[in-house]
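Chain by chain, the residues run as shown.
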Amino acid sequence: MKIGIVCYPTFGGSGVVATELGLELSKRGHEIHFITYSQPVRLELLGANVHFHEVHVPDYPLFHYQPYELALSSKIVDTVKAYGIDVLHVHYAIPHAYAGYMAKKMLHEDGISLPIVTTLHGTDITLVGSHPFYKTAVTFSINKSDAVTSVSENLKQDTQRLFNTKKNISVIPNFIDLDKYQSNPKDCQRDLLAQPHERVITHISNFRPVKRIADVLRIFAELHHKIPSKLMMIGEGPERESAEQLSQDLNIADQVVFLGNSNEVNKILCFSDLFLLPSETESFGLSALEAMASGVPVISSNTGGLSEVNIHGVSGYLSPVGDTDEMTKNAIEILSSDETLARFKAAAKTRAKQFNIHTIVPAYEKVYDTALKNCISI
Ligand code: GMT
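**Q** Would you mind showing me how to read the sheet that holds strand 10 (residues 256–260) here?
**A** Think of a sheet as strands paired side by side through backbone hydrogen bonds, with each pair either parallel or antiparallel. If you trace the six strands from one edge of the open sheet to the other, you get 10-9-8-11-12-13, paired in parallel fashion. One side of each edge strand has no neighbouring strand; the edge strands of this open sheet are strand 10 and strand 13 (316–319). Put simply, the sheet's adjacent strands are angled 20° from each other on average, direction ignored. As judged from the six bridges shared by strand 8 (residues 199–204) and strand 9 (residues 229–234), these two strands associate in the parallel manner. Considered in strand 9, the bridge of R199 is made with S229. Sitting on the sheet, helix 7 (residues 213–226) is in contact with strand 8, strand 9, strand 10 and strand 11 (274–277), with an inclination near 170° to strand 9. Of the strands in this sheet, strand 8, strand 11 and strand 12 (298–301) touch helix 10 (residues 286–293), which is tilted by about 175° from strand 11.

Right under this line is the structure:
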């Protein structure tokens, strides 16, 4: 099958899922065409079966806002015509599902039918999409998609509730390439960042307010008094500066390492002992799954779809959003003895196997088949 993939090419979870999906589909014999404004960050290998088509938005002084959807929908039409794409898979509803629909309509004029599969990732529904400024167009784009998937049962329910839609939504969870997370001792250079007696705590995100970065630092500030440890903060975003300031204010700056964005989170997770994800909302929590695949237990909030990933008392613990006291207590419990830590590490790894890329990706292939068969005519 020839599959067009539209996504955000950045470090965000939706872009990572879209990229890993495209690469895996290409290994399964499909021809993949990424259509986006820059080469996706995890797309290192462009091969015969993987193509990248860049969307250019020329700067024009008349435009206060540059019309990205317009450029994207034109690029989709041109790419579909040039390469004979069978199905378009758009990741993140805004504005991709809308641009996809416009492309479908334009192609229809030329007698070409293009099924659109929309994958909802989280904030496109919970934070941005349901805002009154966008809601009408997002509802329309969801209803006009030939197939809709969401990354958790919780996100499916949120979508049905917030958008009052009867659209059938298939739940296909985030997935993981387990082979990438098998630690190779040569790549796993723990001693560069921590002393042998210290535990290593990690947080990975886009440092947006929804991640509650201050909670990460507060949990760490409490726990490091009881357990010598280091905190690895991976990612970039609007809260990074205030996080660095807070780590000074909490007197933990010497124990916290801000590493910025990384393409190789597996090389840090391989020596981590605990992962912190106290988000305000989280449709799935791909970073928690990446941690678990590396055998790192997760202390998370009990919000959104996190309970579909992290199992309380098994792969880690879940607590109410903002309850940093309980999160700290649970973190200390996991880290206080080598035996308990080893038990949680093993259970986290076992849990991650449920989300093996090789078992989840075929579910997308089925959705493409269904969308092709039932393509809504315009
Ligand atoms: O905020 C992020 O984590 C980025 C965001 C995105 O859209 O790129 O991630 C969302 O999609 C991921 C992949 O499906 C999910 O694992 C994340 O939980 C989800 N983020 C939120 O819901 C906040």
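Text resumes after the structure shown.
**Q** For this particular structure, what's the right way to read the pattern of salt bridges?
**A** Between side chains of opposite charge, a pair can form when the charged atoms approach closely. Counted under the stated rule, the structure contains 15 salt bridges. In this structure, R28 engages E365 in a salt bridge whose closest nitrogen and oxygen atoms are separated by 2.8 Å. Placement of the pair is R28 in the loop between helix 1 (13–27) and strand 2 (31–36) and E365 in helix 13 (residues 357–373), with a sequence separation of 337 residues. The partner of E236 in a salt bridge is R240, with the nearest N and O atoms 2.7 Å apart. Residues joined by salt bridges that share partners form a network here, namely R190, D273 and K345.

**Q** Would you take a moment to explain the site of the ligand for this structure?
**A** Close contacts around the ligand come from 18 residues, with S14, H121, N174, K211 and E282 the closest. A distance of 3.1 Å separates an oxygen atom of the ligand from a polar atom in the side chain of N206. At a separation of 2.7 Å, an oxygen atom of the ligand approaches a polar side-chain atom of E282. Its free accessible area being 490 Å², the ligand has 92% of it covered by the protein chains. Examining the composition of the shell around the ligand, we find that three residues originate from one element, helix 1, more than from any other. Counted by class, the shell around the ligand contains five nonpolar, 11 polar and two charged residues.

**Q** Even after reading the chapter, I still don't get the state of the cysteines, so can you show me in this structure?
**A** This structure, assessed with the given rule, holds one disulfide. The residue that forms a disulfide with C188 is C270, at a sulfur-sulfur distance of 2.1 Å. Classification of the bridge connecting C188 and C270 rests on its S-S torsion, roughly 115°, and on that basis the disulfide is right-handed. Of this pair, C188 sits in the loop between strand 7 (169–171) and strand 8 while C270 sits in the loop between helix 9 (266–269) and strand 11; the two residues are 82 residues apart in sequence, bridging distant segments of the chain. C188 sits in the buried class, given a relative accessible area of 17%. On the accessibility criterion, C270 (18% relative accessible area) is buried.

**Q** Could you clarify how one ought to interpret unusual backbone geometry in this entry?
**A** Peptide bonds are, in most cases, trans, and in most cases residues other than glycine have a negative phi. Along the chain, I94 connects to P95 via a cis peptide bond; the corresponding omega equals -10°. Within the chain, F207 stands out as a residue other than glycine whose phi angle is a positive 50°. Relative to the helices and strands, F207 is located in the loop between strand 8 and helix 7. Residue class for F207 comes out buried when judged on its relative accessible area of 0%. Non-glycine residue N251 carries a positive phi angle of around 60°. Relative to the elements of secondary structure, N251 occurs in the loop between helix 8 (240–249) and strand 10. Residue N251 is classed as exposed on the basis of its relative accessible area of 66%.

**Q** Just checking my understanding: could you explain helix 10 for this structure?
**A** Three or four residues apart is the spacing at which side chains of an α-helix point the same way, because the helix has 3.6 residues per turn. Across the eight residues of helix 10, eight count as buried, placing the element largely inside the fold. Against the buried residues of helix 10 lie helix 1, strand 8, helix 9, strand 11, strand 12 and helix 12 (338–352). Positive backbone phi, approximately 75°, marks G295, located one or two places after helix 10.

**Q** Got a minute to help me understand a nonpolar patch on the surface in this structure?
**A** On the surface, Y98, M102, M106 and F140 cluster together into a nonpolar patch covering about 320 Å² of accessible area. Counting residues per element, the nonpolar patch draws most heavily on helix 3 (residues 93–109), which supplies three residues. Mapping Y98 onto the fold places it in helix 3. Accessibility expressed as a relative area gives 35% for Y98, which makes it partly exposed.

What counts as what
Residues numbered from 1 in each chain as written. Predicted model: local features only at pLDDT ≥ 70, side-chain atom pairs only at ≥ 80, totals over all residues. Heavy atoms only, no water. Pairing = 2+ DSSP bridges. Helix = DSSP H or I, 4+ residues; strand = E, 2+ residues; numbered from the N terminus. Axes fitted to C-alpha atoms, helices over the stretch in contact; angles between N-to-C directions. Contact = heavy atoms within 4.5 Å. Salt bridge = Lys/Arg side-chain N within 4 Å of Asp/Glu carboxyl O. Near = heavy atom within 4 Å. Polar contact = N/O pair within 3.5 Å; in protein donor to acceptor, adjacent residues only side chain to side chain. Areas by Shrake-Rupley, 256 points an atom, 1.4 Å probe, with all protein chains shown as cover. Nonpolar A, V, L, I, M, F, W, Y, C, P; charged D, E, K, R; others polar. Disulfide = S-S within 2.5 Å. Buried < 20%, exposed > 50% of the residue type's maximum accessible area, 1.4 Å probe, protein only. Patch = residues over 30% accessible without salt bridge, like charges linked within 9 Å, V, L, I, M, F, W, Y side chains within 5 Å.

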